[in-house]
Amino acid sequence: SNVPNGLDSSNPLNEIQVARRIKQIINKIYDYEVENKSDDDSDGSDDSDNNDNNVTCKLQYLITDYDSDFVSIDKNIKIFKSHYETNPDDLYNLLEGLFNVLIYLYKTYGFIHWDLHYENLLVNKNNFTEFLLFDFNYSEMFGMENNEFIEACNFDYGIDVAEIINQMELPDKISNKRNYYGLVNDITKYFISLKLNLKIDMTNFNFKKGNKIIEILVDVKPYEDLVEFYTKIIPDMCIKFADILDY
């Protein structure tokens, strides 16, 4: 019912309508005109003197179906904490399902989320093992390398992730160390951020069910800061997972 102003409430997911509305919002916020201009339209002339406010760019947007059953754990922390403490098998199945999906997407499409923490996974509040991936600002796939995460680490924390990746000594079967680092980062970051924020002691859970990734992660100590996380914990996990993950 809360359809943004300017959209047809009977058809809120009409792509053309949404695209036009996004353009209007961008124009209003930044006070410049967004032009749709392909390479074929260019005549090689410089029109910058004619209108300094004209900006040629690509506009990308993502439309997703809204499902009120899927919610962010961080907004419902008490509910999820209580449920997973009394139903540890659901927590185990959530983690195992997520890791299997990440590995499948990595192998099949070269997908890396790059920023998968407990806030960026929507979980079904009626079935605590179902989930949806969320927030793909840093994500990438085959042929679409995205260095925004690596650049952000360098800018925000002074962490040269590219150099860390370059210095890692890994088995020859791992041909792309950068992508592999990204996968391990996704898996490890989600597990540790969820564990820290749920404040659940998992050492007493029956998590020794054959999933070696979960077995290793259960024993990982909390990190002091993100510098330690990206420079020590993730490289260490890359080595430990090297003989576990299927490529």
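Cut-off values and rules
- Residues numbered from 1 in each chain as written.
- Predicted model: local features only at pLDDT ≥ 70, side-chain atom pairs only at ≥ 80, totals over all residues.
- Heavy atoms only, no water.
- Helix = DSSP H or I, 4+ residues; strand = E, 2+ residues; numbered from the N terminus.
- Buried < 20%, exposed > 50% of the residue type's maximum accessible area, 1.4 Å probe, protein only.
- Polar contact = N/O pair within 3.5 Å; in protein donor to acceptor, adjacent residues only side chain to side chain.
- Contact = heavy atoms within 4.5 Å.
- pLDDT = per-residue confidence, 0-100.
- Core = buried A, V, L, I, M, F, W, Y, C linked by side-chain atoms within 4.5 Å.
- Expected span 1.5 Å × (residues − 1).
- Bend = angle between axes of the 7 residues up to and from the residue.

Engineer: Looking at this structure, how should I read the side chain of Asn211?
Structural biologist: Relative to the assigned elements, Asn211 resides in the loop between helix H6 (177–198) and helix H7 (212–218). Under the relative-accessibility criterion, Asn211 is labelled buried at 9%. For Asn211, the side chain forms a polar contact with the main-chain nitrogen of Ile214, separated by 3.2 Å. With near-sequence residues (within four places) excluded, Asn211 lies in contact with Tyr92 and Glu96.

Engineer: I would appreciate a short explanation of the confidence of the model for the protein chain in the present structure.
Structural biologist: Parts of the model with low pLDDT should not have their predicted coordinates read in detail. The share of residues in the protein chain with pLDDT of 70 or more is 73%, and the mean pLDDT across the chain is 80. Low pLDDT (under 50) marks residues 1–7, which in the prediction has 8 contacts with non-local residues, meaning those over four places away or in another chain. The low-confidence segment residues 29–38 (pLDDT under 50) makes 23 contacts with residues lying over four places distant or belonging to another chain.

Engineer: Is there a simple way to think about the nonpolar core in this case?
Structural biologist: For soluble globular proteins, nonpolar side chains are generally found buried alongside one another. Phe99, Tyr180, Tyr181 and Tyr190 are the most contacted members of the largest nonpolar core, which has 59 residues in total. Elements represented by at least two residues in this core include exactly helix H2 (77–86), helix H3 (88–109), strand S4 (121–124), helix H4 (148–157), helix H5 (161–167), H6, H7 and helix H8 (226–241). Counting residues per element, this core draws most heavily on H6, at 10 residues. In contact with Tyr190, not counting residues within four places along its chain, are Ile73, Leu94, Leu95, Leu98, Leu116, His117, Tyr118 and Leu121.

Engineer: I keep staring at H6 and nothing clicks. Help me out?
Structural biologist: Since there are 3.6 residues in each turn of an α-helix, residues three or four apart along the chain are aligned in direction. End to end, H6 covers 31 Å across 22 residues, agreeing with the expected 32 Å (1.5 Å per residue, within 8%). Most of H6 sits inside the fold, with 18 of its 22 residues counted as buried. Its side-chain oxygen at 3.2 Å from the backbone nitrogen of Arg178, Asn176 defines the N-terminal cap of H6. Two residues or fewer after H6 comes Lys199, characterised by a positive phi angle close to 55°.

Engineer: It is not clear to me how H8 should be interpreted in this structure. Could you clarify?
Structural biologist: The largest bend along H8 reaches roughly 30° and is located at Ile233, with the proline Pro235 sitting one to four residues downstream. Turning to H8, the residues buried within the fold contact H4, H5, H6 and H7. Of the residues that open H8, the one with a side-chain oxygen 3.2 Å from the backbone nitrogen of Val227 is Asp225.

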